[in-house]
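Secondary and tertiary structure notes
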Amino acid sequence: MHGKIVKIFMIFFILVLCFQTGCQKHTTQLQKNIVPEIKLGVAIYKRDDTFIAMLISNLEEEIKKGQQQKNIKITMNTVDAKGSQTVQNDQIDKLIEQGCDVLCVNLVDRTVASAVIDKAKAANIPVIFFNREPVAEDLQRWDKVYYVGAEASKSGYLQGQIVVEAYQENPHTIDKNGDGKVQYVVLEGEQGHQDALLRTEYAVKTITDAGIQMEKLAGDTANWHRSQAATKMTQWLQVYGDKIELVLSNNDDMAIGAIDAYEGASKPLPAVVGIDATTLAIEALKEGKLLGTVKNDAQKQAELIFMLSYQLVTNTYLQEDIDITKQKYFFTEYTMIQPKDVLKKSE
Ligand code: GAL
Ligand code: CA
């Protein structure tokens, strides 16, 4: 009996020892930097973009929380390029000149990342690109370059799935003329944006893969913008009228623009699907104007940007699974939002 107790005690002792050396290894890996302040330089492509505005206000909240929790001063200097890469280049030069610890960049033109990386590298300031994904080779230019975003194809898949589920439940709610095909139009985001092409491609593919026939009537870019989408949709309504059975929109703002056009023309709404889960889109879902949306997790993306920045500057983890030494890409999950989800929540 006594021997048994000794054995148990010894095993416990060994376990404690292993645990301690494990921890020591971990802390010695990170040489903690003592910093008086953390300065984030944040360059955004356009503040007048609902999703980006959401992301930025979430990031501001994260910083406030971080300051309280860590008892350290954290500042954020946000500059808005208003859709011009030339303006953004100057703004980035200034942020570097003024001295910031991390550059968080939402590029206007995602193909010019290399120039930004080279400047940041020369000043030894790490870069976190977000929302507008640079090409893979650019991200390999320097080890202190990261990307925070979400995988476009997945949002397209989920958007398609919303249509598939509604169709399978009752085909006539979508195929109004009952010809066995879904006549549709596409409102596309900015040309050249990773989220535009892939969202359209995967949404259509998911629906056709489910055995539903699709017939495209029209498609064009409305640059993520509500009023541009309303203008486009008004034109299509004049040409195709109630032939349109489905509006696939690359984001919620353009989906709301499409709804505006129908309401302006006093026409009954077809099935409309968006992506982002903005406040207005959730309202439209509750009112039965939108068939569904896909949540683009602005909150989680803001958290990631903050956690990465904190880790890059202080060399300490805020969360263990955010490890900048192991990866460059940090993607958040998309989630499908249908009327049943929002109605359930508000009950
Ligand atoms: C997308 C988002 C759009 C728009 C765009 C800007 O991820 O869904 O609404 O904000 O980014 O780059
Ligand atoms: Ca039809």
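Bear in mind that the values here come from a model prediction, so they are computed numbers and not experimental data. (Residues numbered from 1 in each chain as written. Chains lettered and ligands numbered in written order. Predicted model: local features only at pLDDT ≥ 70, side-chain atom pairs only at ≥ 80, totals over all residues. Heavy atoms only, no water.)

**Side note on the overall build of the protein**
In terms of regular secondary structure, the protein is built from 12 helices and 12 strands. Split into buried and exposed, the 347 residues of the protein put 49% on the buried side. On the protein, roughly 17,200 Å² of surface is accessible, and the fraction owed to carbon and sulfur atoms is 53%. (Helix = DSSP H or I, 4+ residues; strand = E, 2+ residues; numbered from the N terminus. Buried < 20%, exposed > 50% of the residue type's maximum accessible area, 1.4 Å probe, protein only. Areas by Shrake-Rupley, 256 points an atom, 1.4 Å probe, with all protein chains shown as cover.)

**Section: the confidence of the model for the protein**
Across the protein, the average pLDDT comes to 91, with 89% of residues at 70 or higher. Here residues 15–29 is a poorly scored stretch, pLDDT under 50, and it has two contacts once near neighbours within four places are set aside; other chains count. (pLDDT = per-residue confidence, 0-100. Contact = heavy atoms within 4.5 Å.)

**What about the packing of helix 3 (residues 85–98) against helix 4 (residues 113–122)?**
As a packed pair, helix 3 and helix 4 sit with axes 11 Å apart at the nearest point and diverge in direction by 10 degrees. Accordingly, the angle class assigned to the pair helix 3 and helix 4 is roughly parallel. Once helix 3 is placed against helix 4, the crossing between them reads as right-handed. Between helix 3 and helix 4, the contacting residues are Asn-89, Ile-92, Asp-93 and Ile-96 on the first element and Val-116, Lys-119 and Ala-120 on the second. Residues belonging to the contact of helix 3 with helix 4 are distributed by class as follows: four nonpolar, one polar and two charged. (Axes fitted to C-alpha atoms, helices over the stretch in contact; angles between N-to-C directions. Parallel < 35°, antiparallel > 145°, perpendicular 65-115°, else oblique. Left-handed = near helix turned anticlockwise from the far one by under 90°. Nonpolar A, V, L, I, M, F, W, Y, C, P; charged D, E, K, R; others polar.)

**Overview of the sheet that holds strand 8 (residues 246–249)**
Pairing in this open sheet of four strands is parallel, and the strands run 7-6-8-9 from one edge to the other. Looking along the sheet, the strands with just one partner apiece sit at the ends: strand 7 (213–221) and strand 9 (271–273). In this sheet, adjacent strand axes meet at a mean angle of 20 degrees when their direction is disregarded. In terms of strand pairing, strand 6 (residues 181–188) meets strand 8 through four bridges, oriented parallel. Of the residues in strand 8, the one forming a bridge with Tyr-184 is Leu-246. Seen against the sheet, helix 7 (residues 194–209) touches strand 6, strand 7 and strand 8 and runs at an angle of roughly 140 degrees to strand 8. Set on the sheet, helix 8 (residues 226–240) makes contact with strand 6, strand 7 and strand 8; between it and strand 7 the angle comes to about 135 degrees. (Pairing = 2+ DSSP bridges.)

**Here's the deal with the site of ligand 1**
In the neighbourhood of ligand 1, the contacting residues comprise Tyr-45, Asp-49, Phe-51, Asn-131, Arg-132, His-193, Asp-195, Arg-199, Trp-224, Asn-251, Asp-276 and Asn-296. The separation between an oxygen atom of ligand 1 and a polar side-chain atom of Asp-49 is 2.7 Å. Asp-276 places a side-chain nitrogen or oxygen 2.6 Å from an oxygen atom of ligand 1. Here ligand 1 has 310 Å² of accessible area as a free molecule, and 99% of this is covered by the chains. Along the lines of polarity and charge, the residues of the shell around ligand 1 split into three nonpolar, four polar and five charged. (Near = heavy atom within 4 Å. Polar contact = N/O pair within 3.5 Å; in protein donor to acceptor, adjacent residues only side chain to side chain.)

**Quick word on the packing of helix 8 against helix 9 (residues 252–264)**
Where helix 8 meets helix 9, the closest approach of the two axes is 7 Å, and the angle between their N-to-C directions is 45 degrees. With respect to each other, helix 8 and helix 9 are oriented oblique. Note that helix 8 runs across helix 9; the crossing there is right-handed. Two secondary-structure elements touch here, helix 8 through Arg-226, Ala-229, Ala-230, Met-233, Thr-234 and Leu-237 and helix 9 through Asp-253, Met-254, Ile-256, Gly-257, Ala-258, Asp-260, Ala-261 and Tyr-262. Classifying every residue of the contact of helix 8 with helix 9 gives nine nonpolar, two polar and three charged.

**Considerations on unusual backbone geometry**
Here the phi dihedral of Lys-82 falls at roughly 45 degrees; this positive angle occurs in a residue that is not glycine. Structurally, the position occupied by Lys-82 is in the loop between strand 2 (73–80) and helix 3. Here Lys-82 falls in the exposed class, since its relative accessible area comes to 67%. One non-glycine residue with positive phi stands out, namely Asn-131, at about 65 degrees.

**Overview of the environment of Asp-195**
By the element assignment, Asp-195 lies in helix 7. C-alpha of Asp-195 to C-alpha of Glu-133: the two residues are 62 residues apart in sequence and 9.1 Å apart in space. A polar contact is formed between the side chain of Asp-195 and the side chain of Gln-194, at a distance of 3.4 Å.

**A word on the nonpolar core**
Residues Phe-130 and Met-233 are the most contacted members of the largest nonpolar core, which totals 63 residues. Leaving out residues up to four positions away in the same chain, Met-233 has contacts with Val-185, Ile-244, Val-247, Ala-258, Ala-261 and Tyr-262. Counting 23 residues, the second-largest nonpolar core is a separate cluster that includes Val-182, Leu-246, Ala-271 and Val-294. (Core = buried A, V, L, I, M, F, W, Y, C linked by side-chain atoms within 4.5 Å.)

**Quick word on the packing of aromatic side chains**
All told, the structure shown has four aromatic pairs when counted by the stated rule. Look at Phe-306 and Tyr-310: their rings are 6.3 Å apart centre to centre, the planes differ by 40 degrees, and that puts the pair in the tilted class. Of this pair, Phe-306 and Tyr-310 both sit in helix 11 (residues 298–314), four residues apart, which is roughly one turn of the helix. According to the relative accessible area criterion, Tyr-310 is buried, its value standing at 8%. An aromatic cluster is built from Tyr-147, Tyr-329 and Phe-331, whose rings are joined through pairwise contacts. Here the basic side chain of Arg-132 rests over the ring of Tyr-45, its NZ or CZ set 3.7 Å away from the ring centre. Between the NZ or CZ atom of Lys-328 and the centre of the ring of Tyr-146, over which it lies, the distance is 5.9 Å. (Phe/Tyr/Trp six-rings, centres within 6.5 Å; stacked < 30°, edge-to-face > 60°. Lys NZ or Arg CZ within 6 Å of the ring centre and 35° of its normal.)

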